[in-house]
Amino acid sequence: MNVYISDSIQEALLAGEPIVALETAVLTAGLPKTKWNTNFGSCPSYIDSEKPINNALAQSMTDAVQTNGALPAWVAVVNGTLRIGLTSDEVTQLTSNPVAGKVSLATLAQAMHAKQSAGTTVATTLLACRLASTKNPIRVFATGGIGGIHQNWTNRLDISADLTALATTPTCVIASGAKSILDIPATVESLETIGVPVLGLGTSMFPRFIEQNIEDDPAVHQVHSPSEVAEICTHHWQHLQLHSGVLTTVPVPENVALQHGTLIESLNQAEESWARTKQPSSTRTPFLLESMAKSTQGKSLIANLALLCNNAKAAAKIAVSFASKL
Ligand code: PSU
Ligand code: MN
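From a predicted model like this one, the values you see are computed outputs, not experimental measurements. (Residues numbered from 1 in each chain as written. Chains lettered and ligands numbered in written order. Predicted model: local features only at pLDDT ≥ 70, side-chain atom pairs only at ≥ 80, totals over all residues. Heavy atoms only, no water.)

### What about the overall build of the chain?
- Of the regular secondary structure elements, the chain holds 12 helices and 11 strands.
- The C-alpha atoms of the chain give 18 Å as radius of gyration, which agrees with the globular expectation for 326 residues (20 Å, within 12%).
- If you line up the chain on its principal axes, its C-alpha atoms span 55 × 45 × 40 Å.
- Counting only carbon and sulfur atoms, one obtains 52% of the accessible surface of the chain, whose full area is about 14,800 Å².
- Taking the 20 positively charged and 25 negatively charged side chains of the chain as two groups, their mean positions are separated by 7 Å. (Helix = DSSP H or I, 4+ residues; strand = E, 2+ residues; numbered from the N terminus. Rg over C-alpha atoms; globule rule 2.2 N^0.38 Å. Areas by Shrake-Rupley, 256 points an atom, 1.4 Å probe, with all protein chains shown as cover. Lys, Arg positive; Asp, Glu negative; His and termini not counted. Charge placed at Lys NZ, Arg CZ, Asp CG, Glu CD.)

Right, dumping it as structure tokens:
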């Protein structure tokens, strides 16, 4: 089987019940696969310190979606099958697989062919939302940050397929902006070019992922409730018959947001230490994340985990509101 949709997701799709898609690249390539380390300060209450951090976070996001009335649909490639709706055992297997990396649109077919297991990026998870049902795709998807246009794009063009997928998939993505290493103004401009509405739930500025906003950050259209998001989505997809995504940005919870500038300093330090280790490039992301978590005394990691859970919660509320309007 090449694409598998779990029974519970198929039933919920048929019944028009609220579903929230969840990506797994953040679990396989974006978070530590180790247990909580005392160098990170005290472990947040919603993270099980007995489990690897990526697995504990998955459990918390699952709980956040369920307690807010929606069904979580974890998406991943498992032994070459694109699976929509993983069980908690399947999530655990994926998070503990040391060789599972991430697949995007350009690498999905080859990963299937090689019967690999991997986490799905925003782009691949959006594809799964569309494949789940041609008439009635999964309409809501929560993540941390989308990919976009990398810095220095005038010299070396590096644009994430997440933008391509957002341009072609009628799903609302809930994220705290884009990965912080990107050219954010260019990424926001490109969202306009591809016709993706960018909303701010409780914010008028495009969030800076784990950091607080600063005055000249790009503007977004502020909305005040999940039902307002659902109403705008209805105009976009049903009344206007547009087929692109909607990006709903949600700022990182204020109590854990990092001050502007903290991240770049810590990232530069981490990059320098990584260069000295002379390890293969596959170790770079986990190394950078871990050393940034240590140099910020856990603050970068705590903010990342908090925004992921917060976005899962907001997404569930949006999914419930959207389902009630069908
Ligand atoms: N944001 C992060 N860390 C990540 C990602 C986003 O802070 O690891 C992942 C998401 O899965 C996103 C992907 O879809 O990176 C984009 O990768 P690329 O730039 O290779 O398309
Ligand atoms: Mn890229």
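### Concerning helix α4 (residues 88–95)
- Those residues of α4 lying buried are E90, V91, L94 and T95. Along the axis of α4, the buried positions cluster into a sector of 130°, meaning they face one direction only. Opposite the buried face of α4, by more than 90 degrees, sit the exposed residues D89 and Q93.
- Against the buried residues of α4 lie α2 (25–29), α3 (53–67), β3 (71–78), β4 (81–84) and β6 (118–120). (Buried < 20%, exposed > 50% of the residue type's maximum accessible area, 1.4 Å probe, protein only. Arc of directions from axis to C-beta. Contact = heavy atoms within 4.5 Å.)

### Examining a nonpolar patch on the surface
- A surface patch of nonpolar side chains, about 320 Å² in accessible area, is lined by W153, L157 and I159.
- Note that W153 resides in the loop between β7 (140–142) and α7 (161–168). (Patch = residues over 30% accessible without salt bridge, like charges linked within 9 Å, V, L, I, M, F, W, Y side chains within 5 Å. Salt bridge = Lys/Arg side-chain N within 4 Å of Asp/Glu carboxyl O.)

### Some remarks on the side chain of S60
- Relative to the assigned elements, S60 resides in helix α3.
- Among all residues touching S60, those that are not within four sequence positions of it are Y46, I47 and C309.

### What about the site of ligand 1?
- Ligand 1 sits among E23, A25, K102, T121, V122, G145, S160, D162, K179 and F209.
- Contact distances for ligand 1 include 3.0 Å between an oxygen atom and a side-chain N or O atom of K102.
- Interatomic distance of 3.4 Å between a backbone N/O atom of G145 and a nitrogen atom of ligand 1.
- For the shell around ligand 1, the per-class residue count stands at 3 nonpolar, 3 polar and 4 charged. (Near = heavy atom within 4 Å. Polar contact = N/O pair within 3.5 Å; in protein donor to acceptor, adjacent residues only side chain to side chain. Nonpolar A, V, L, I, M, F, W, Y, C, P; charged D, E, K, R; others polar.)

### So, the state of the cysteines
- On inspection of all chains with the given rule, the structure shows 0 disulfides.
- Here C43 is not cross-linked by a disulfide; its sulfur's nearest cysteine counterpart is in C309, at 11 Å.
- Since its relative accessible area comes to 26%, C43 is described here as partly exposed.
- The closest cysteine sulfur to the non-disulfide-bonded C172 is located on C233, 4.1 Å from its own sulfur. (Disulfide = S-S within 2.5 Å.)

### Focus: the pattern of salt bridges
- For the coordinates displayed, the defined rule picks out 5 salt bridges.
- Salt-bridge contacts for R83 lead to E90; the nearest nitrogen and oxygen are separated by 2.9 Å. A single burial state applies to R83 and to E90, both of which are buried.
- Across the pair D158 and R156 runs a salt bridge, and its minimum N-O distance is 3.8 Å.

### Section: the nonpolar core
- Grouped together as the largest cluster of nonpolar side chains are 64 residues, with contacts concentrated most on V20 and L57.
- Among the elements that take part in this core, helix α12 (residues 299–324) stands out by supplying 15 residues, more than any other.
- If we skip the residues at most four places from it in the chain, V20 touches V65, A70, L71, P72, A73, V140, A142, A315, A316 and A319.
- Counting residues in each nonpolar core, the second largest holds 43 residues, with A12, I84, M112 and I146 among its members. (Core = buried A, V, L, I, M, F, W, Y, C linked by side-chain atoms within 4.5 Å.)

### Here's the deal with the packing of helix α6 (residues 122–131) against α7
- The contact between α6 and α7 brings their axes to 7 Å, and the two run at 25°. Classified by the interaxial angle, the pair formed by α6 and α7 is roughly parallel. Crossing handedness for the pair α6 and α7: left-handed. Along the contact surface, α6 presents V122, A123, L126 and R130, while α7 presents A161, D162, A165, L166 and T168.
- For the contact of α6 with α7, a count of residues per class yields 6 nonpolar, 1 polar and 2 charged. (Axes fitted to C-alpha atoms, helices over the stretch in contact; angles between N-to-C directions. Parallel < 35°, antiparallel > 145°, perpendicular 65-115°, else oblique. Left-handed = near helix turned anticlockwise from the far one by under 90°.)

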